[in-house]
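Close look at the chain arrangement
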Amino acid sequence: MTQVRYVILFAVLALSTSVFSQTTYPKITGYFSVMHPIATFSEEETTVNFRDYYSVNFPTGINIWKSAKIGFSFEIAPSIKTDDGISKVNSVLFHPGVLVALGHGYIFAGRAAFETSGRFGVTPVITKTVIKNTNSSYYVSVPFPVRFGNDHPASFTVGLQLGIAF
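Residues numbered from 1 in each chain as written. Predicted model: local features only at pLDDT ≥ 70, side-chain atom pairs only at ≥ 80, totals over all residues. Heavy atoms only, no water.

Overview of the pairing of strand β1 (residues 27–42)
Judged from the six bridges that link them, β1 and strand β4 (residues 60–65) form a sheet pairing that is antiparallel. Directly across from Lys27, in β4, lies its bridge partner Trp65. With eleven bridges joining them, β1 and strand β11 (residues 155–165) adopt antiparallel strand pairing. Across the sheet, residue Thr40 finds its bridge partner in β11, namely Thr157. Two strands pair when backbone bridges link them, and β1 and strand β2 (residues 46–48) are joined in this way by three bridges, in the antiparallel orientation. Across the sheet, the residue bridging to Phe41 is Thr46, located in β2. Joining the antiparallel neighbours β1 and β2 is a turn of three residues. (Pairing = 2+ DSSP bridges. Helix = DSSP H or I, 4+ residues; strand = E, 2+ residues; numbered from the N terminus.)

Focus on the environment of Gly163
Summarising the element assignment, Gly163 is placed in strand β11. Classification of Gly163 as buried rests on a relative accessible area of 10%. Counting along the chain gives 22 residues from Gly163 to Ser141, while the straight-line C-alpha distance between them is 8.2 Å. The contact partners of Gly163, leaving out residues within four places of it in the chain, are Phe32, Ser33, Ser137, Tyr138 and Tyr139. (Buried < 20%, exposed > 50% of the residue type's maximum accessible area, 1.4 Å probe, protein only. Contact = heavy atoms within 4.5 Å.)

Here it is, written out as structure tokens:
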């Protein structure tokens, strides 16, 4: 009788264990990152972060992958700026967008941008996963924000973003 119990237990465990690892979709992932704008260009001026001021963003979001190739992302990114010894939350960015897997760990994100400072625009982002673990991955991104509005000239920024996805 004891042997029958072990055979049944073994059969249940063997049948409930997946032989092949499969990802089911939709797949939901979250992430947190730190983004440093490097330089901002407009018709009035070129500003460089770290020289006259320091600005840092903290993009946090959720990705919903419809398939292995395409997904949707929603990101919120508060921006902190330190200028002349005064630090403050400069604005909060609402950043919805589409994700396209390019292969070999590269992802393109095309995002709409809505800042509480009154600016708006688009942000194309290229991301590369550099370390992939079972429960998380680390990535590097290069965002290219383009902004308009709020009685300022159009601007183009290049940044560097480091993050963790889980």
